[in-house]
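# Structural features, examined
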Amino acid sequence: KVDKLEAENRQIDKDVLKTQNTMAELAAEIAEEEQLRGAANAAYVEAKNQDLAAISVLNQTIATLEAFFKNNSASDQLTQASLVQVRHHEPQFDISEDQAPDKASRGGQYQGAGKQTDVILGLLNVIMEDLQTQVFKADTFENRSATDHSDYLDTSNETNTSLATMRTNLLSDEADNLGFIQGHEAINTS
């Protein structure tokens, strides 16, 4: 009986060691996951801050350009003429300065390049919207990543608790066996 109990305790010791190794591997895996999650979160926060700063600069740029265009426009409309630099000397014309350029639109009426201002502001708005979309997608991905990480930690903690319970039960069985061995040896001695 004593030999059988000692053999059982040797097997319990192997099982306890295996359980402890599994718990150590799990702890190392959790630590690595925490480090990766921390690095990913730091990269997300930095990228988001840069994108938000860029959006802020674009908003200020658009507002400043719109104000500049309206303040420098005779008809209170956004026009390309607002972008023309003011020269300190009069331009030299090959033709009369009162003669219109030869550019004509489909209807035959001169339209000029007045819509270029709208294109510039439109392009800035598109860039800003793209940045806002990137921030939204990054927020969504970060939230999903945080949820997945939380789920992983919950599962890992459950596994760790289960392993700790198994280890405790094995050690309890070993202690019981040691008690039985002592009892058998006491009987044998008596």
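Residues numbered from 1 in each chain as written. Predicted model: local features only at pLDDT ≥ 70, side-chain atom pairs only at ≥ 80, totals over all residues. Heavy atoms only, no water.

Turning our attention to the side chain of Ser-156. Tracing the backbone through its elements, the reader meets Ser-156 in helix H2 (residues 116-189). Residue classification places Ser-156 among the buried residues on the basis of a relative accessible area of 4%. With residues near it in sequence (within four places) discarded, Ser-156 still touches Leu-26 and Ile-30. (Helix = DSSP H or I, 4+ residues; strand = E, 2+ residues; numbered from the N terminus. Buried < 20%, exposed > 50% of the residue type's maximum accessible area, 1.4 Å probe, protein only. Contact = heavy atoms within 4.5 Å.)

Right, let's get into the environment of Met-128. Here Met-128 is to be found in helix H2. For the pair Met-128 and Ala-54, spaced 74 residues apart in sequence, the C-alpha separation works out to 8.0 Å. If we ignore the near neighbours within four places in the chain, the residues touching Met-128 are Ile-55, Leu-58, Asn-59 and Ile-62.

Glancing now at the nonpolar core. With eight residues, the main nonpolar core is built from Ile-55, Leu-58, Ile-62, Leu-121, Leu-124, Met-128, Leu-131 and Val-135. Within the residue set of this core, elements represented by two or more residues are helix H1 (2-71) and H2. Top contributing element to this core by residue count: H2, with five residues. Leave out the neighbours within four places in its chain, and Leu-131 touches Asp-51, Ala-54, Ile-55 and Leu-58. Counting residues in each nonpolar core, the second largest holds five residues, with Met-23, Leu-26, Ile-30 and Leu-153 among its members. (Core = buried A, V, L, I, M, F, W, Y, C linked by side-chain atoms within 4.5 Å.)

What follows concerns the confidence of the model for the protein. This prediction gives the protein a mean pLDDT of 82; 74% of its residues lie at or above 70. Scored below 50 in pLDDT, residues 107-114 shows nine contacts in the model against residues more than four places distant or in partner chains. (pLDDT = per-residue confidence, 0-100.)

A cluster of acidic residues, Asp-148, Asp-151, Asp-154 and Glu-158, forms a negative patch on the protein surface. Within the secondary structure, Asp-148 is located in helix H2. Taking relative accessible area as the criterion, Asp-148 reaches 46% and is therefore assigned partly exposed. (Patch = residues over 30% accessible without salt bridge, like charges linked within 9 Å, V, L, I, M, F, W, Y side chains within 5 Å. Areas by Shrake-Rupley, 256 points an atom, 1.4 Å probe, with all protein chains shown as cover. Salt bridge = Lys/Arg side-chain N within 4 Å of Asp/Glu carboxyl O. Lys, Arg positive; Asp, Glu negative; His and termini not counted. Charge placed at Lys NZ, Arg CZ, Asp CG, Glu CD.)

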